[in-house]
Amino acid sequence: MQIQINTTNDVEGRAALLSHAEDQVRQRLSRFESRLTRIEMHLGDENGARNTAGDKRCVLEARPTGLAPVTVTDHGNTLEEAMSGALKKMVNSLETTFGKLATH
């Protein structure tokens, strides 16, 4: 499973954040690894320098082998919150997607 993480230019501490994000993706989605070709994560601050609640965004796109991509988005007060929420949503979406395949 290939992991690609992108951030907007205004994200601080990019190197540490990228490393942490990759670790979180590997940890939380490891059970789906054999069924996924790639995971893309996009992290950003929607309001730039303005500090408003819930303006950090994480978009995750998973590419299951032989299926259409699965995309989820979550917002939070911090990038960590947004990333955690998006990973939780992705786990639920992948469980549903692969669960439906198993019943057919």
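Calculation criteria
Residues numbered from 1 in each chain as written. Predicted model: local features only at pLDDT ≥ 70, side-chain atom pairs only at ≥ 80, totals over all residues. Heavy atoms only, no water. Helix = DSSP H or I, 4+ residues; strand = E, 2+ residues; numbered from the N terminus. Buried < 20%, exposed > 50% of the residue type's maximum accessible area, 1.4 Å probe, protein only. Areas by Shrake-Rupley, 256 points an atom, 1.4 Å probe, with all protein chains shown as cover. Lys, Arg positive; Asp, Glu negative; His and termini not counted. Charge placed at Lys NZ, Arg CZ, Asp CG, Glu CD. Contact = heavy atoms within 4.5 Å. Polar contact = N/O pair within 3.5 Å; in protein donor to acceptor, adjacent residues only side chain to side chain. Salt bridge = Lys/Arg side-chain N within 4 Å of Asp/Glu carboxyl O. Pairing = 2+ DSSP bridges. Phe/Tyr/Trp six-rings, centres within 6.5 Å; stacked < 30°, edge-to-face > 60°. Lys NZ or Arg CZ within 6 Å of the ring centre and 35° of its normal.

J.: Give me the lowdown on the overall build of the protein, citing residues and values where you can.
T.: If you tally the helices and strands in the protein, you get 2 helices and 4 strands. Counting only C-alpha atoms and orienting by the principal axes, one finds that the protein spans roughly 50 × 25 × 20 Å. Every one of the 104 residues in the protein was classed for burial, and the buried ones make up 38%. Only carbon and sulfur atoms are counted for the fraction: they give 47% of the accessible area of the protein, which is about 5900 Å². Put simply, the protein has 13 plus and 14 minus side-chain charges, and the middle of one group is 6 Å from the middle of the other.

J.: Lay out the environment of D45 with the relevant residues and their values.
T.: With respect to the helices and strands, the residue D45 is situated in strand β2 (residues 36-45). Relative accessible area serves as the criterion here: at 18%, D45 is assigned to the buried category. For the pair D45 and T97, spaced 52 residues apart in sequence, the C-alpha separation works out to 29 Å. Apart from the residues lying within four places of it in its own chain, the contact partners of D45 are T8, D10, D55 and K56. Only 3.3 Å separates the side chain of D45 from the side chain of K56, close enough to count as a polar contact.

J.: So what's going on with the pattern of salt bridges? Residues and values would help.
T.: For the coordinates displayed, the defined rule picks out 8 salt bridges. The shortest N-O distance in the salt bridge between R63 and E61 comes to 2.5 Å. Exposure remark for R63: the relative accessible area of 29% places this residue in the partly exposed category. Linking K89 and D74 is a salt bridge whose minimum nitrogen-to-oxygen distance equals 3.1 Å. Taken as a pair, K89 in helix α2 (residues 79-103) and D74 in strand β4 (residues 70-76) lie far apart in primary sequence, 15 residues in all. Here the salt bridges share partners, and the residues they tie into one network are R38, E40, E61 and R63.

J.: Residue-level account of the pairing of β2, with values.
T.: Most of β2 sits out of view: 7 of its 10 residues are buried. Pairing of strand β1 (residues 2-7) with β2 involves 6 bridges; the strand directions are parallel. Counterpart to Q4 in the pairing with β2 is E40. Pairing of β2 with strand β3 (residues 56-64), which is carried by 9 bridges, proceeds in the antiparallel orientation. Paired with D45 across the two strands is K56, which belongs to β3.

J.: So what's going on with the packing of aromatic side chains? Which residues, and what values?
T.: The final tally for this structure, using the stated rule, is 1 aromatic pair. Relative to F98, the ring of F32 lies with its centre 5.8 Å away and its plane at 35°, an arrangement referred to as tilted. With F32 in the loop between α1 (14-29) and β2 and F98 in helix α2, this residue pair connects regions lying 66 residues apart in the sequence. Neither F32 nor F98 differs from the other in exposure class; each is buried. The cationic tip of R35 hangs over the ring face of F98; the distance from NZ or CZ to the ring centre is 4.1 Å.

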